[in-house]
Amino acid sequence: MLFWFANAIFQIHAQGYIVPNGVYYSGYAQDQGYGIAVADNPTGVHTTFDPYTHFWLIPADKAQPTSYTNIFELQELTDIGVRVFLVASNDPVSLPPILSQQWPELAISSTYIFQDGVPFYVGLYTGYQFAPPYPPDPPFQYLGPVFGWAQLQNVGGTIQMLGGALEYGGVGIYAGTENII
């Protein structure tokens, strides 16, 4: 950004930006479930061919009284990965609440009940590399962190994505918005 002040021009770096297509719905894949892709390094420098990391919600079973699948298992790509949290609208998805374990974190190979027709938010946290120490111990952190959210909904046993956003270069984003912290 360029600003004019007292006959001088200064360049100031913005405090983060929204990554276009930073979170997208990759649909249903046989034996993988319903996929969400999250850009793990929006700077354009990637160590793999795919600039996204992924997680899937795999239909697992149904709990009564529903007649549709409402139990889903979380799986993710075995690369840098993405940490996924259950959050509420306008929650600040940023490092302090993540490190203080403010929200429930969805664990790989664990199952979760998502009621039919009820939208829910997940907070997303990833980056281009694990932060030291190596190997990272839970709850691990990322270098070049990106923070985001997705609004999902179980629609008759299928997971649909209603919206999402990803922020890079700031310190986080408010769930359900494009407001950078």
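Residues numbered from 1 in each chain as written. Predicted model: local features only at pLDDT ≥ 70, side-chain atom pairs only at ≥ 80, totals over all residues. Heavy atoms only, no water.

Asker: Describe the confidence of the model for the protein chain, naming the residues involved and giving the relevant values.
Answerer: Mean pLDDT over the protein chain works out to 87, with 88% of the residues at or above the 70 mark. This model gives residues 1–13 a pLDDT under 50, and the stretch forms 13 contacts once residues within four places in sequence are excluded. (pLDDT = per-residue confidence, 0-100. Contact = heavy atoms within 4.5 Å.)

Asker: Break down unusual backbone geometry for me, citing the residues and quoting the values.
Answerer: Along the chain, Gln64 connects to Pro65 via a cis peptide bond; the corresponding omega equals 20 degrees. With respect to the helices and strands, Pro65 occurs in the loop between β6 (52–61) and β7 (71–76). For Asn21, which is not glycine, the phi torsion reads 55 degrees and is therefore positive. Tracing the backbone through its elements, the reader meets Asn21 in the loop between β3 (17–18) and β4 (23–29). Given a relative accessible area of 59%, Asn21 falls into the exposed group. The phi dihedral of Gln101 falls on the positive side, at around 55 degrees, and the residue is not glycine. Along the chain, Gln101 falls in the loop between α1 (95–99) and β10 (105–106). Given a relative accessible area of 58%, Gln101 falls into the exposed group. (Helix = DSSP H or I, 4+ residues; strand = E, 2+ residues; numbered from the N terminus. Buried < 20%, exposed > 50% of the residue type's maximum accessible area, 1.4 Å probe, protein only.)

Asker: Report on the nonpolar core, specifying residues and quantitative values.
Answerer: The biggest cluster of nonpolar side chains holds 26 residues, and the ones touching the most others in it are Phe55, Phe114, Val122, Leu124 and Leu152. Of all the secondary structure elements, the ones that give two or more residues to this core are β5 (33–39), β6, β7, β12 (120–126), β15 (146–155) and β16 (158–168). With five residues, β5 is the single largest residue contributor to this core. Apart from residues lying up to four places away in sequence, Phe114 is in contact with Leu57, Asn70, Phe72, Leu86, Leu106, Phe120, Asn154 and Ile159. (Core = buried A, V, L, I, M, F, W, Y, C linked by side-chain atoms within 4.5 Å.)

Asker: I'd like a rundown of the sheet that holds β3, residues and numbers included.
Answerer: Spatial ordering of the open sheet is given by β3-β16-β15-β12-β8-β10, a layout of six strands whose pairing is antiparallel. At either margin of the open sheet sits one strand with a lone partner, and together these are β3 and β10. (Pairing = 2+ DSSP bridges.)

Asker: Provide a residue-level description of the sheet that holds β7, including the pertinent values.
Answerer: In spatial order, the strands read β4-β5-β6-β7-β11; together these five strands make up an open sheet with antiparallel pairing. Sheet topology places β4 and β11 (111–113) at the edges, where each strand pairs with a single neighbour. Across the sheet, the mean angle from the axis of one strand to that of its neighbour is 30 degrees, orientation sign disregarded. Pairing of β5 with β6, which is carried by six bridges, proceeds in the antiparallel orientation. In the sheet register, Tyr34 faces β6, and the bridge partner there is Leu57. (Axes fitted to C-alpha atoms, helices over the stretch in contact; angles between N-to-C directions.)

Asker: Now, about the environment of Gln102: what can you tell me, with residues and values included?
Answerer: Looking at where Gln102 falls in the secondary structure, it is placed in the loop between α1 and β10. For the pair Gln102 and Leu86, spaced 16 residues apart in sequence, the C-alpha to C-alpha distance is 9.7 Å.

Asker: Please provide a residue-by-residue account of the packing of aromatic side chains, values included.
Answerer: Within the structure shown, the criterion is met by 13 aromatic pairs. An aromatic cluster is defined as three or more aromatic residues linked by ring pairs; in this entry it consists of Tyr125, Phe130, Phe140, Tyr142 and Phe147. A cation over an aromatic ring shows up here: Arg83 above the ring of Phe140, its NZ or CZ 5.1 Å from the ring centre. (Phe/Tyr/Trp six-rings, centres within 6.5 Å; stacked < 30°, edge-to-face > 60°. Lys NZ or Arg CZ within 6 Å of the ring centre and 35° of its normal.)

Asker: Got a sec to walk through the side chain of Asn70? Specific residues and values, please.
Answerer: The topology assignment puts Asn70 in the loop between β6 and β7. What Asn70 contacts, discounting residues up to four positions off in sequence, is Asp61, Lys62, Ala63, Tyr112, Ile113, Phe114, Gln115 and Asn154.

Asker: Give me the pairing of β12: which residues, what numbers.
Answerer: Most of β12 sits out of view: seven of its seven residues are buried. Residue alternation in β12 divides its side chains into two sets, Phe120, Val122, Leu124 and Thr126 and Tyr121, Gly123 and Tyr125, and both sets are buried. Relative to β15, β12 is paired through seven bridges, and the arrangement is antiparallel. The partner of Val122 across the bridge, within β15, is Ala150.

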